[in-house]
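Summary of structural features
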Amino acid sequence: MGQAAMGREPILSLVLYHLFKWSIVSPTLHLAFRGRIYGAETVPMQGPLIVVCNHASDFDPPLLSNCVRRPVAFMAKEELFKIPVLSTLIRWYGAYPVKRGRADRAALRAAQQAIADGWAVGLFLEGTRTPDGRIYHPKLGAAMIAKKVQAPLLPVCLWGTQHILGKGQSFPRPAPVTVRFGELIPPPPPSSDRTALEQITQTCADVINDLHRLGR
């Protein structure tokens with residue numbers, strides 16, 4: 001993991017990240033969504049990092065990556081990687097494939113490799129969207145990766161994104177969005193058993209839900 005401790009994302013990915021962030025995502029967040037961001041100073045700008053978050057909208061990955069202030073590699077459904085041009089672009093942007101409805105071993109290995117290549121890796125703790133943005137059934141994937149690569153976990157809460165494109169809507173609409181960062185959580189020791197992984201996973205979920213209760 002020495003490479004992760006000193007490396008950065010590929011130059012092309014950094015260029016694409018900043019281009020997309022400053023031309024599209026950041027203006028949309030602050031103008032259309034009246035975005036508020038709290039606690040972003042807790043984000044380490046280099047080195048291994050696992051960002052864990054709640055999930056209520058397809059808009060969450062770019063909004064979260066924008067607020068983290070460094071590129072974040074996310075899982076993306078494997079069907080997107082069969083579209084020639086899109087596949088190339090999302091790979092440059094750090095995405096890696098996962099089978100629909102489950103985080104398979106190949107995806108977990110890809111996340112570990114992304115960290116080794118200098119990326120921060122983002123995982124939605126529930127594994128899928130929830131209607132109100134709260135976390136009810138957190139999955140162990142983030143804790144497992146944190147244990148494997150000894151990367152700290154950063155809990156982040158997205159509030160209000162479920163209203164951007166709700167059920168029955170054809171187009172996104174302006175909605176107030178708030179992003180809150182928690183404190184870094186150390187990785188579980190390499191010798192951790194499943195109980196320890198469950199405990200740190202629940203800690204992440206509790207922190208995110210507590211941040212969510214703060215509302216706007």
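Small disclaimer: the values here were computed from a predicted structure and weren't measured.

1. Observations regarding the packing of helix α2 (residues 11-32) against helix α3 (residues 60-68)
Contact pair α2 / α3: the axes reach a minimum separation of 10 Å and the direction vectors enclose 105°. Judged on the interaxial angle alone, α3 and α2 are roughly perpendicular. Where α2 abuts α3, its residues Y17, F20, K21, V25, S26 and L29 lie against P62, L63, S65, N66 and C67. Counted by class, the contact of α2 with α3 contains 7 nonpolar, 3 polar and 1 charged residues.

2. Here we look at the packing of aromatic side chains
Taken as a whole and assessed by the stated rule, the structure comprises 2 aromatic pairs. Ring centres 6.3 Å apart and planes at 90° place the aromatic pair F33 and F59 in the edge-to-face group. With a gap of 26 residues between them, F33 in the loop between α2 and β1 (36-38) and F59 in the loop between β2 (49-53) and α3 connect regions that are remote in the sequence. Pairing F74 with F124 gives two aromatic rings, centres 5.4 Å apart and planes at 20°, and the pair type is stacked. Of the two residues, F74 sits in strand β3 (residues 72-77) while F124 sits in strand β5 (residues 120-124), which places them 50 residues apart along the sequence. Per residue, the accessibility class of F74 equals that of F124, and both read buried.

3. Topic: the nonpolar core
One finds I50, V52, V121, L125, A142, I145 and L153 to be the most contacted residues of the largest nonpolar core, which totals 30 residues. Contributions of two or more residues to this core are made by β2, β4 (96-98), α5 (105-116), β5, α6 (141-149), β6 (153-159) and α7 (194-213). Ranked by residues supplied to this core, first place goes to α7 with 6 residues. If near-sequence neighbours (up to four positions away) are discounted, V52 is found in contact with L123, L125, A142, L153, L154, P155, V156, C204 and I208. Core analysis: the next-biggest nonpolar cluster, separate from the first, contains 24 residues, V51, L63, V156 and V179 among them.

4. Quick notes on a nonpolar patch on the surface
Among the surface-exposed residues, L12, V85, L89 and W92 lie close enough to one another that they form a single nonpolar patch of about 380 Å² accessible area. Looking at the nonpolar patch element by element, the count peaks at 3 residues for helix α4 (residues 84-92). Summarising the element assignment, L12 is placed in helix α2.

5. A look at the sheet that holds strand β7 (residues 178-181)
Reading across from one edge, β1-β7-β6-β2-β5-β3-β4 is the order of the 7 strands in this open sheet, with mixed pairing throughout. Each edge of the sheet is formed by a strand with only one pairing partner; in this case those strands are β1 and β4. Taking each pair of neighbouring strands and ignoring which way they run, the sheet shows an average axis angle of 25°. By the bridge criterion, 5 bridges tie β2 to β5 in an arrangement that is parallel. When the bridges of β5 are listed, V51 appears paired with G122. Strands β2, β6 and β7 of the sheet are contacted by α7, whose axis makes an angle of about 35° with β6.

6. A word on the pattern of salt bridges
Scanning the model with the defined rule gives 3 salt bridges in all. Among the salt bridges present, the one from D58 reaches R129, with a minimum N-O distance of 3.4 Å. Of this pair, D58 sits in the loop between β2 and α3 while R129 is found in the loop between β5 and α6, placing the two residues 71 residues apart along the sequence. By relative accessible area, which is 56% here, D58 ends up exposed.

7. Considering the confidence of the model for the protein
Summing up the model confidence of the protein, the mean pLDDT is 88 and the portion of residues at 70 or higher is 94%. For the stretch residues 1-6, pLDDT sits under 50, and the model shows 13 contacts to residues farther than four places along the chain or on other chains.

8. Things to note about the layout of surface pockets
If you add up the space inside the largest pocket, you get close to 1,400 Å³. Lining the largest pocket are 40 residues, with P61, M75, A76, K77 and F124 sitting closest to its centre. Only α2, α3, β3, α4, β5 and α6 provide two or more residues apiece to the lining of the largest pocket. For the lining of the largest pocket, the element with the most residues is β3, which contributes 5 residues. Here the lining of the largest pocket is built from residues that sort into 24 nonpolar, 8 polar and 8 charged. By volume, the second largest pocket amounts to about 180 Å³. As for the second largest pocket, its lining consists of 14 residues, of which R91, G94, A114, D117 and W119 are closest to the centre. At the level of elements, α2, α4 and α5 are the ones that each hand at least two residues to the lining of the second largest pocket. Considering only residue class, the lining of the second largest pocket consists of 9 nonpolar, 3 polar and 2 charged.

The rules we used
- Residues numbered from 1 in each chain as written.
- Predicted model: local features only at pLDDT ≥ 70, side-chain atom pairs only at ≥ 80, totals over all residues.
- Heavy atoms only, no water.
- Axes fitted to C-alpha atoms, helices over the stretch in contact; angles between N-to-C directions.
- Helix = DSSP H or I, 4+ residues; strand = E, 2+ residues; numbered from the N terminus.
- Parallel < 35°, antiparallel > 145°, perpendicular 65-115°, else oblique.
- Contact = heavy atoms within 4.5 Å.
- Nonpolar A, V, L, I, M, F, W, Y, C, P; charged D, E, K, R; others polar.
- Phe/Tyr/Trp six-rings, centres within 6.5 Å; stacked < 30°, edge-to-face > 60°.
- Buried < 20%, exposed > 50% of the residue type's maximum accessible area, 1.4 Å probe, protein only.
- Core = buried A, V, L, I, M, F, W, Y, C linked by side-chain atoms within 4.5 Å.
- Patch = residues over 30% accessible without salt bridge, like charges linked within 9 Å, V, L, I, M, F, W, Y side chains within 5 Å.
- Areas by Shrake-Rupley, 256 points an atom, 1.4 Å probe, with all protein chains shown as cover.
- Salt bridge = Lys/Arg side-chain N within 4 Å of Asp/Glu carboxyl O.
- Pairing = 2+ DSSP bridges.
- pLDDT = per-residue confidence, 0-100.
- 1 Å grid on protein atoms, 1.4 Å probe; cavity = no way out; pocket = protein on both sides within 12 Å on 5 of 7 lines; lining within 4 Å.
- Points joined across faces, edges and corners; volume = space filled by probe spheres on them.

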